[in-house]
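Topology and contacts: notes
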Amino acid sequence: MQKHLFSLFTEMNREPTHILRQFKKVLWILLLFAVVVEMIFFPSLPNFYGCVMAVTAYMIFTLFLKEKYIRNFPFSFLMYLSMFMYRYLPLIATALEGKPITYGFQRPFETFLYETILFLISSLAFYLSCKNTLNAPTKNNLFQKQLHKLGFFTITPSIIWGLGLIGLAARLYNFSASDVQYGDVGGKFLIGLNYLMYAPICLFFPSLLNTKFSNQKLLWFYAAGIFILNIASNSRESIITPIATVAILFFLYSVFNNIKITNFISPLKIISLVVSLFFILNLLSNISIAMLHTRNIRDNITKIELFKKTIETVQDEALMDKLKNTRNKNIQFLKSMTYQQGWTEYYLDNFMLSRYANMRITDETIYYAQKRGYFNAEMQYFFKQNILALFPTPILKIFGINLDKTKLEFSRGDLLYGKGFGGYRVTSHVGDGLATFGFWYFPFQFLTFFLIFLAFNTFVYFTSNKVQYAPFAIINIFSFLGMFRNAQGLVGDISYLVRGYIQGIVTYLIVFYIVRYITTNVFPKKIKNDNSFY
């Protein structure tokens, strides 16, 4: 007993790695700055509650900001990080933009209260999912052991490049093909392989994959090509994905190797990086405006033509000035808009922060949830329909269920809004949950998050002297940071558990075995003798 308590005390007082100490310090400085700005320039009781939410989230999150959680459960930790950022970033971002955290809110007290409760529930789910593994006699469950036997945790550079080329081919095919329609199994399968094109980018940090690779020039050339290709997709998230993937992998690499950023990068380089980042963000902002302009015609032209049109728009200074002026006028209109007048998601000017820190959507969905009434029968009916739609139609027919999935082509946000389908409006977990299940939503969501964290933990395999990470998860690492955000709420979480989790593993293994066979039996000598490749 004394030995156990001593070990626990030692673990609690163990010095965090350099980057975690720096990360925690930066989070605290930004939080302190934002709270001071909020209380000086926007003093009010609702804004104070917003500060309490952010401080509470910081205090709870830093309990888990430890190497053991990140090293042993990196994928669960990234999802938990996104949960923290959703409660932390709004205060920081609005302070930097000179707005109160309650900007545009109509239900601030309920928003901050319910989001704080949900974060506490999420933290408990994360803690229990990790605790069960750390305290287990053998940290690998039966499913992890089976995946290990199937080669799910091993890979070579040649296989990584093979996966990347298949993902790139799938992406190019999707560019040339028309939109995937309902029933197009082949098209949907290929879309599910798009993420594989990011596989070679992971070789910037080969130690995370337990392999070696040194041809950095080839990686930079490939990464630049992927970035340019993603501009043609007319998707802002696609542009961010390769950049975010490298950033997340660098963070994990720094934590695992106890790297001090100021030793790795000189202060002068940090300043240069910040300046470069400013210009990059400005460029991305312009590209984002151009994408929104060309989005109305993207269904009528090819991806290559769309790419050319987007670049032409960015280069046309007169047109860009006109688009920016129009955007500013629209923003001014949205600023004065209330929920009674219509749906509005305007909260932050920065499009990247707006995706991960737009708490106004929670406020708005709570407003409409209260209008519809909590524990709403219609919301419950379509919730059941959404869950049934996750299963293939042939399986549903076996059980005598005839479901026309084309009649469900609207989002949970559209349903909650109730004034027009087809807009694919996002919803928040809290707003959609309360409208559907009332206060029973919170225990349902706790169970769902707990199961998702457990699922993510199966992408880690423990040996006697090291931890192995599934290449599938490393390649797809940016998705874990986006698992918790405004989208489909609880339906999206259940969708992952019922279908996305197993489907991702199975499709990866199919492609993995094909590529491994080719690299082993078709081109074995060429790959083996190409020392410069490795």
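Whatever comes next refers back to the structure up there.
Described below are features of the structure shown in this document. Bear in mind that the values here come from a model prediction, so they are computed numbers and not experimental data.

A separate point is the overall build of the chain. Counting its regular elements, the chain contains 26 helices and two strands. When each of the 534 residues of the chain is scored for burial, the buried share is 48%. Here the contacts in the chain between residues at least 6 apart in sequence split such that 77% fall between residues at least 24 apart.

Turning our eyes to something else, we now look at a negative patch on the surface. A surface patch of like charges, here negative, comprises E312, D316, E317 and D321. Mapping E317 onto the fold places it in helix 15 (residues 317-335).

Take the packing of helix 18 (residues 377-388) against helix 21 (residues 429-437) next. It is at 7 Å that the axes of helix 18 and helix 21 come closest, and there the two elements cross at 105°. One way to sum up the angle between helix 18 and helix 21 is to call them roughly perpendicular. On the side of helix 18, the interface is formed by M379, Q380 and F383, while helix 21 contributes D432, A435, T436 and F437. A per-class count over the contact of helix 18 with helix 21 returns four nonpolar, two polar and one charged.

A few words on a nonpolar patch on the surface. On the surface, F143, I502, V506, I510, I514, Y517 and I518 cluster together into a nonpolar patch covering about 610 Å² of accessible area. With six residues, the single largest contributor to the nonpolar patch is helix 25 (residues 490-522). For I510, the position within the fold is in helix 25. Residue classification places I510 among the partly exposed residues on the basis of a relative accessible area of 42%.

Okay, the side chain of T344 next. Turning to its location among the elements, T344 is positioned in the loop between helix 15 and helix 16 (351-356). What makes T344 buried here is its relative accessible area of 1%. Among the polar contacts made by the side chain of T344, one reaches the main-chain amide nitrogen of Y346 at a distance of 3.4 Å.

Look at N210: it is not a glycine, yet its phi comes out positive at around 55°. Counting through the fold element by element, N210 comes out in the loop between helix 9 (185-191) and helix 10 (216-231). The phi dihedral of F375 is positive, around 60°, even though this residue is not glycine. Note on placement: F375 falls in the loop between helix 17 (360-372) and helix 18. Relative accessible area serves as the criterion here: at 48%, F375 is assigned to the partly exposed category.

Throughout the structure, instances matching the rule amount to seven salt bridges. Linking K99 and E97 is a salt bridge whose minimum nitrogen-to-oxygen distance equals 3.0 Å. For K99, the salt bridge is made with D349, and the minimal N-O distance between the two is 3.8 Å. One end of the pair, K99, is in the loop between helix 5 (74-96) and helix 6 (108-134); the other, D349, is in the loop between helix 15 and helix 16, and 250 residues separate them in sequence. Salt bridges sharing common partners tie together E97, K99 and D349.

A few words now on the nonpolar core. Core analysis: the largest hydrophobic core is formed by 128 residues, its most contacted members being F75, F84, F152, L163, F459 and Y508. In terms of residue count, the dominant contributor to this core is helix 5 (16 residues). Those residues in contact with F84 that sit more than four places away from it in its chain are L27, A57, Y58, F61 and F119. Listed in part, the 15 residues of the second largest apolar core include Y368, L396, L403 and Y417.

Turning next to the packing of aromatic side chains. On inspection of all chains with the given rule, the structure shows 62 aromatic pairs. Aromatic pair F64 and F126: ring centres 5.5 Å apart, planes at 85°, arrangement edge-to-face. Residue F64 is found in helix 3 (residues 45-64), and its partner F126 is found in helix 6; the two are separated by 62 residues along the sequence. Since its relative accessible area comes to 0%, F126 is described here as buried.

Another aspect to go through is the environment of I518. Considering the arrangement of structural elements, one finds I518 in helix 25. With a relative accessible area of 35%, I518 lands in the partly exposed category. Taking C-alpha positions, I518 is 10.0 Å from S158, a pair spaced 360 residues apart along the chain.

On to the packing of helix 21 against helix 22 (residues 441-457). For any two helices packed against each other, the geometry is given by the interaxial angle and the distance between the axes. Taken N-terminus to C-terminus, the directions of helix 21 and helix 22 make an angle of 125°; their axes are 9 Å apart at the nearest point. Put simply, helix 21 runs oblique to helix 22. The element helix 21 and its partner helix 22 pack so that their crossing is right-handed. On the side of helix 21, the interface is formed by H429, V430, G433, L434 and F437, while helix 22 contributes Y441, F442, F444, Q445 and F449. When the residues that make up the contact of helix 21 with helix 22 are grouped by side-chain class, the tally is seven nonpolar, three polar and no charged.

Moving on, we come to the environment of L447. Checked against the element boundaries, L447 lands in helix 22. Taking the C-alpha atoms as reference, L447 lies 7.5 Å from A125; in sequence the two are 322 residues apart.

With 13 residues, helix 17 extends 18 Å from end C-alpha to end C-alpha; this agrees with the ideal 18 Å at 1.5 Å per step. The element helix 17 is extensively covered by neighbouring structure, given that ten of its 13 residues are classed as buried. All buried positions along helix 17 are accounted for by R360, I361, T362, D363, E364, T365, I366, Y367, Y368 and A369. Looking one or two residues beyond helix 17, the residue adopting positive phi is G373, at roughly 100°.

Rules used throughout
- Residues numbered from 1 in each chain as written.
- Predicted model: local features only at pLDDT ≥ 70, side-chain atom pairs only at ≥ 80, totals over all residues.
- Heavy atoms only, no water.
- Helix = DSSP H or I, 4+ residues; strand = E, 2+ residues; numbered from the N terminus.
- Buried < 20%, exposed > 50% of the residue type's maximum accessible area, 1.4 Å probe, protein only.
- Contact = heavy atoms within 4.5 Å.
- Patch = residues over 30% accessible without salt bridge, like charges linked within 9 Å, V, L, I, M, F, W, Y side chains within 5 Å.
- Areas by Shrake-Rupley, 256 points an atom, 1.4 Å probe, with all protein chains shown as cover.
- Salt bridge = Lys/Arg side-chain N within 4 Å of Asp/Glu carboxyl O.
- Lys, Arg positive; Asp, Glu negative; His and termini not counted.
- Charge placed at Lys NZ, Arg CZ, Asp CG, Glu CD.
- Axes fitted to C-alpha atoms, helices over the stretch in contact; angles between N-to-C directions.
- Parallel < 35°, antiparallel > 145°, perpendicular 65-115°, else oblique.
- Nonpolar A, V, L, I, M, F, W, Y, C, P; charged D, E, K, R; others polar.
- Polar contact = N/O pair within 3.5 Å; in protein donor to acceptor, adjacent residues only side chain to side chain.
- Core = buried A, V, L, I, M, F, W, Y, C linked by side-chain atoms within 4.5 Å.
- Phe/Tyr/Trp six-rings, centres within 6.5 Å; stacked < 30°, edge-to-face > 60°.
- Left-handed = near helix turned anticlockwise from the far one by under 90°.
- Expected span 1.5 Å × (residues − 1).

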